[in-house]
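The lines below spell out each chain.
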Amino acid sequence: MNTKIIPFNNPALTDGIDAHGFIPHVTLDRLCVHYGNYCALHDVSGIIFKGSLTAVSGPNGAGKTTLLKTILGIVPPTSGSVEMAAGSMGYLPQISEFDRDFPIRVIDLVAMGRLKPFHFLQNPLKTHRQDILNAMEQAGIAHRQNHLIGEISAGQLKRALFARMILQNADLLCLDEPFAEVDEESRRGLMSIILHLHRQGKTIIMVSHDSALVQNAFPQSIVLDRKLIYWGGTAQAPLPAAMPAHPHSSQMA
(Lines give C-alpha, C1' and ligand atoms only; values in the text may rest on other atoms or scores of the structure.)
Protein backbone atom coordinates (compact mmCIF):
# COMPACT_ATOMS: atom_id res chain seq x y z
CA MET A 1 0.00 0.00 0.00
CA ASN A 2 1.10 3.59 -0.47
CA THR A 3 2.69 5.35 2.47
CA LYS A 4 1.02 8.50 3.67
CA ILE A 5 3.54 10.97 5.10
CA ILE A 6 1.98 12.54 8.17
CA PRO A 7 2.50 16.34 8.20
CA PHE A 8 4.79 17.94 10.77
CA ASN A 9 2.02 20.19 12.06
CA ASN A 10 -0.10 17.28 13.31
CA PRO A 11 -0.23 18.09 17.06
CA ALA A 12 -0.88 14.44 17.95
CA LEU A 13 2.57 13.56 16.60
CA THR A 14 4.70 16.65 17.21
CA ASP A 15 3.64 17.82 20.67
CA GLY A 16 6.74 19.02 22.49
CA ILE A 17 8.87 19.25 19.31
CA ASP A 18 9.80 22.30 17.30
CA ALA A 19 9.46 20.38 14.05
CA HIS A 20 10.77 23.20 11.84
CA GLY A 21 13.68 21.73 9.90
CA PHE A 22 13.30 18.25 11.42
CA ILE A 23 13.66 15.30 9.06
CA PRO A 24 11.65 12.09 9.49
CA HIS A 25 13.79 9.06 10.31
CA VAL A 26 10.96 6.55 10.76
CA THR A 27 7.42 7.06 9.49
CA LEU A 28 4.72 4.59 10.53
CA ASP A 29 1.48 4.60 8.58
CA ARG A 30 -1.50 2.65 9.93
CA LEU A 31 0.85 -0.13 11.03
CA CYS A 32 -0.77 -3.43 12.02
CA VAL A 33 1.11 -6.57 13.08
CA HIS A 34 -0.43 -9.99 13.74
CA TYR A 35 1.04 -13.27 14.96
CA GLY A 36 -1.46 -15.71 13.52
CA ASN A 37 -4.83 -14.62 14.91
CA TYR A 38 -3.23 -12.51 17.65
CA CYS A 39 -3.13 -8.75 17.05
CA ALA A 40 0.11 -7.33 18.51
CA LEU A 41 -0.23 -3.82 17.03
CA HIS A 42 -3.22 -2.10 15.43
CA ASP A 43 -3.35 1.11 13.39
CA VAL A 44 -0.21 2.83 14.68
CA SER A 45 0.88 5.98 12.83
CA GLY A 46 3.52 8.58 13.62
CA ILE A 47 6.93 10.07 12.88
CA ILE A 48 10.23 9.59 14.69
CA PHE A 49 12.54 12.43 13.74
CA LYS A 50 16.26 12.15 13.03
CA GLY A 51 18.32 12.80 16.14
CA SER A 52 15.38 12.33 18.54
CA LEU A 53 15.39 10.44 21.84
CA THR A 54 12.15 8.50 22.25
CA ALA A 55 10.91 6.10 24.93
CA VAL A 56 8.34 3.40 24.18
CA SER A 57 6.16 2.56 27.18
CA GLY A 58 3.09 0.52 27.97
CA PRO A 59 1.97 -2.56 29.90
CA ASN A 60 3.25 -6.07 29.26
CA GLY A 61 1.83 -7.35 25.99
CA ALA A 62 1.37 -3.84 24.59
CA GLY A 63 3.44 -4.45 21.45
CA LYS A 64 6.59 -2.55 22.43
CA THR A 65 9.09 -5.19 21.31
CA THR A 66 6.97 -5.86 18.22
CA LEU A 67 7.21 -2.17 17.31
CA LEU A 68 11.02 -2.22 17.50
CA LYS A 69 11.30 -5.44 15.51
CA THR A 70 8.95 -4.13 12.83
CA ILE A 71 10.95 -0.92 12.51
CA LEU A 72 14.12 -3.00 12.18
CA GLY A 73 12.54 -5.26 9.57
CA ILE A 74 12.73 -8.39 11.75
CA VAL A 75 8.93 -8.70 11.89
CA PRO A 76 6.90 -7.87 8.74
CA PRO A 77 3.79 -5.68 8.96
CA THR A 78 0.47 -7.39 8.39
CA SER A 79 -0.80 -4.14 6.90
CA GLY A 80 0.27 -0.53 6.82
CA SER A 81 3.90 0.44 6.33
CA VAL A 82 7.20 1.57 7.82
CA GLU A 83 9.18 4.13 5.85
CA MET A 84 12.85 4.57 6.79
CA ALA A 85 15.38 7.25 5.98
CA ALA A 86 18.61 5.97 4.48
CA GLY A 87 21.20 4.81 7.00
CA SER A 88 22.23 1.94 9.23
CA MET A 89 20.33 0.43 12.16
CA GLY A 90 21.52 -1.07 15.43
CA TYR A 91 19.62 -3.28 17.87
CA LEU A 92 20.10 -4.09 21.55
CA PRO A 93 17.72 -7.01 22.23
CA GLN A 94 16.49 -8.40 25.51
CA ILE A 95 19.03 -10.82 26.97
CA SER A 96 16.34 -13.50 27.08
CA GLU A 97 16.85 -13.80 23.32
CA PHE A 98 20.42 -15.08 23.85
CA ASP A 99 21.48 -18.67 24.37
CA ARG A 100 23.79 -18.22 27.34
CA ASP A 101 25.18 -21.73 26.79
CA PHE A 102 26.53 -20.90 23.34
CA PRO A 103 30.34 -21.10 23.60
CA ILE A 104 31.32 -17.60 22.54
CA ARG A 105 33.66 -15.25 24.37
CA VAL A 106 32.58 -11.77 25.39
CA ILE A 107 35.12 -10.15 23.06
CA ASP A 108 33.82 -12.19 20.12
CA LEU A 109 30.22 -11.17 20.87
CA VAL A 110 31.27 -7.51 20.97
CA ALA A 111 33.33 -7.88 17.77
CA MET A 112 30.17 -8.88 15.89
CA GLY A 113 29.30 -5.17 15.94
CA ARG A 114 31.90 -4.72 13.20
CA LEU A 115 30.83 -7.64 11.04
CA LYS A 116 29.54 -6.65 7.63
CA PRO A 117 26.61 -8.55 6.11
CA PHE A 118 27.62 -11.51 3.96
CA HIS A 119 31.32 -11.15 4.91
CA PHE A 120 31.45 -14.36 6.91
CA LEU A 121 35.19 -14.96 6.60
CA GLN A 122 36.29 -11.61 7.99
CA ASN A 123 37.92 -11.40 11.40
CA PRO A 124 37.10 -8.08 13.10
CA LEU A 125 39.55 -8.88 15.92
CA LYS A 126 42.39 -8.55 13.42
CA THR A 127 41.26 -5.36 11.68
CA HIS A 128 39.35 -3.53 14.45
CA ARG A 129 40.87 -4.82 17.70
CA GLN A 130 41.56 -1.39 19.20
CA ASP A 131 38.07 -0.13 18.40
CA ILE A 132 36.63 -3.29 19.99
CA LEU A 133 38.71 -2.85 23.14
CA ASN A 134 37.79 0.84 23.34
CA ALA A 135 34.07 0.02 23.11
CA MET A 136 34.43 -2.64 25.82
CA GLU A 137 36.28 -0.20 28.04
CA GLN A 138 33.57 2.41 27.52
CA ALA A 139 30.89 -0.11 28.47
CA GLY A 140 32.85 -1.36 31.49
CA ILE A 141 33.25 -4.95 30.33
CA ALA A 142 36.88 -5.07 29.11
CA HIS A 143 37.98 -7.02 32.20
CA ARG A 144 35.66 -9.89 31.16
CA GLN A 145 36.69 -10.00 27.50
CA ASN A 146 37.97 -13.59 27.50
CA HIS A 147 35.11 -15.08 29.54
CA LEU A 148 32.36 -17.08 27.89
CA ILE A 149 28.99 -15.31 27.90
CA GLY A 150 27.61 -18.08 30.11
CA GLU A 151 30.20 -17.21 32.77
CA ILE A 152 29.18 -13.59 33.23
CA SER A 153 26.18 -12.02 34.95
CA ALA A 154 23.10 -10.70 33.18
CA GLY A 155 24.25 -7.15 33.88
CA GLN A 156 27.67 -7.85 32.39
CA LEU A 157 26.05 -9.35 29.32
CA LYS A 158 24.09 -6.12 28.93
CA ARG A 159 27.38 -4.20 29.05
CA ALA A 160 28.78 -6.46 26.33
CA LEU A 161 25.71 -5.80 24.18
CA PHE A 162 26.15 -2.06 24.73
CA ALA A 163 29.76 -2.38 23.57
CA ARG A 164 28.59 -4.23 20.46
CA MET A 165 26.04 -1.49 19.80
CA ILE A 166 28.72 1.20 20.13
CA LEU A 167 30.80 -0.62 17.52
CA GLN A 168 27.86 -0.76 15.10
CA ASN A 169 28.00 3.04 14.84
CA ALA A 170 24.46 2.97 13.46
CA ASP A 171 22.31 6.00 12.67
CA LEU A 172 19.21 4.50 14.33
CA LEU A 173 19.51 2.57 17.60
CA CYS A 174 16.66 0.45 18.99
CA LEU A 175 17.07 -0.70 22.59
CA ASP A 176 14.69 -3.21 24.19
CA GLU A 177 14.59 -2.94 27.99
CA PRO A 178 18.36 -2.31 28.27
CA PHE A 179 18.28 -1.86 32.06
CA ALA A 180 16.46 -5.07 33.00
CA GLU A 181 18.55 -7.09 35.49
CA VAL A 182 21.08 -4.25 35.79
CA ASP A 183 22.08 -2.68 39.12
CA GLU A 184 21.73 1.05 39.76
CA GLU A 185 25.41 1.88 39.26
CA SER A 186 25.49 0.01 35.95
CA ARG A 187 22.27 1.67 34.87
CA ARG A 188 23.74 5.12 35.41
CA GLY A 189 26.82 4.20 33.40
CA LEU A 190 24.82 2.69 30.55
CA MET A 191 22.42 5.63 30.49
CA SER A 192 25.40 7.96 30.11
CA ILE A 193 26.40 5.96 27.02
CA ILE A 194 22.90 6.39 25.57
CA LEU A 195 23.01 10.14 26.15
CA HIS A 196 26.51 10.35 24.65
CA LEU A 197 25.33 8.53 21.52
CA HIS A 198 22.34 10.87 21.32
CA ARG A 199 24.64 13.91 21.51
CA GLN A 200 26.50 12.44 18.53
CA GLY A 201 23.27 12.76 16.54
CA LYS A 202 21.99 9.20 16.77
CA THR A 203 18.25 8.57 16.63
CA ILE A 204 17.42 6.45 19.68
CA ILE A 205 14.25 4.48 20.46
CA MET A 206 14.19 2.67 23.80
CA VAL A 207 11.59 0.41 25.38
CA SER A 208 11.31 1.04 29.12
CA HIS A 209 8.95 0.31 32.02
CA ASP A 210 10.70 2.90 34.22
CA SER A 211 8.39 5.93 34.21
CA ALA A 212 10.77 8.06 36.28
CA LEU A 213 13.65 7.41 33.88
CA VAL A 214 11.46 8.16 30.88
CA GLN A 215 10.26 11.44 32.39
CA ASN A 216 13.76 12.55 33.38
CA ALA A 217 15.74 11.57 30.30
CA PHE A 218 13.49 11.17 27.24
CA PRO A 219 11.95 14.24 25.57
CA GLN A 220 9.61 12.15 23.41
CA SER A 221 7.33 9.24 24.29
CA ILE A 222 5.24 6.62 22.56
CA VAL A 223 2.70 4.83 24.76
CA LEU A 224 1.18 1.62 23.42
CA ASP A 225 -1.46 -0.87 24.45
CA ARG A 226 -1.56 -2.82 21.18
CA LYS A 227 -2.86 0.43 19.69
CA LEU A 228 -1.42 3.91 19.97
CA ILE A 229 -2.34 5.54 23.29
CA TYR A 230 -0.06 8.57 23.04
CA TRP A 231 2.72 10.01 20.83
CA GLY A 232 4.36 13.30 21.73
CA GLY A 233 6.25 15.20 24.42
CA THR A 234 6.97 13.13 27.53
CA ALA A 235 5.80 15.88 29.86
CA GLN A 236 2.22 15.28 28.73
CA ALA A 237 2.44 11.48 28.40
CA PRO A 238 0.11 9.28 30.50
CA LEU A 239 1.90 7.13 33.03
CA PRO A 240 1.84 3.50 31.84
CA ALA A 241 2.42 2.24 35.39
CA ALA A 242 -1.30 2.73 36.00
CA MET A 243 -2.24 0.65 32.95
CA PRO A 244 -3.05 -3.05 33.56
CA ALA A 245 -1.27 -5.81 31.67
CA HIS A 246 -3.18 -7.11 28.68
CA PRO A 247 -4.58 -10.63 29.20
CA HIS A 248 -2.43 -11.90 26.30
CA SER A 249 0.76 -10.31 27.70
CA SER A 250 2.53 -13.65 27.94
CA GLN A 251 2.49 -13.95 24.16
CA MET A 252 4.39 -10.83 23.17
CA ALA A 253 5.76 -7.74 24.96
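A brief report on the enclosed structure follows.

Rules of the game
Residues numbered from 1 in each chain as written. Predicted model: local features only at pLDDT ≥ 70, side-chain atom pairs only at ≥ 80, totals over all residues. Heavy atoms only, no water. Buried < 20%, exposed > 50% of the residue type's maximum accessible area, 1.4 Å probe, protein only. Helix = DSSP H or I, 4+ residues; strand = E, 2+ residues; numbered from the N terminus. Arc of directions from axis to C-beta. Pairing = 2+ DSSP bridges. Axes fitted to C-alpha atoms, helices over the stretch in contact; angles between N-to-C directions. Contact = heavy atoms within 4.5 Å. Polar contact = N/O pair within 3.5 Å; in protein donor to acceptor, adjacent residues only side chain to side chain. Phe/Tyr/Trp six-rings, centres within 6.5 Å; stacked < 30°, edge-to-face > 60°.

Along helix 5 (residues 129-139), the positions that sit buried rather than exposed are Ile132, Ala135, Met136 and Ala139. Viewed end-on, helix 5 has its buried residues packed into an arc of 100°, placing them on one side of the element. Phi for Gly140, located one or two positions after helix 5, is positive at around 75°.

Let us now look at the sheet that holds strand 1 (residues 24-35). A sheet is described by the order of its strands in space; here 3 strands give the open sequence 2-1-4, paired in antiparallel fashion. Of all strands in the sheet, those with a lone pairing partner are strand 2 (38-49) and strand 4 (79-84), marking the two edges. Looking at each pair of strands side by side, their axes are set apart by 15° on average, direction ignored. Here strand 1 pairs with strand 2 via 8 bridges, running antiparallel. Bridging from a neighbouring strand, Leu28 pairs with Gly46 of strand 2. Here helix 2 (residues 64-72) sits on the sheet and contacts strand 1, strand 2 and strand 4; the angle it forms with strand 1, its principal contact strand, is near 120°.

Counting buried positions along strand 8 (residues 220-224) gives 5 out of 5 residues, so the element sits mostly inside the fold. Here strand 8 shows two buried faces, one formed by Gln220, Ile222 and Leu224 and the other by Ser221 and Val223. Judged from the 4 bridges that link them, strand 3 (residues 53-57) and strand 8 form a sheet pairing that is parallel. Bridge pairing in strand 8 places Ser57 opposite Val223.

As for its placement among the helices and strands, Asp29 is situated in strand 1. Within the structure, the side chain of Asp29 is placed 3.0 Å from the side chain of Arg30, a separation counted as a polar contact.

In total, this model carries 1 aromatic pair according to the counting rule given. With 5.5 Å between their ring centres and 85° between their planes, Phe22 and Phe49 make a pair best called edge-to-face. Of the two residues, Phe22 sits in the loop between helix 1 (11-14) and strand 1 while Phe49 sits in strand 2, which places them 27 residues apart along the sequence. Classification of Phe49 by relative accessible area gives buried; the value is 1%.

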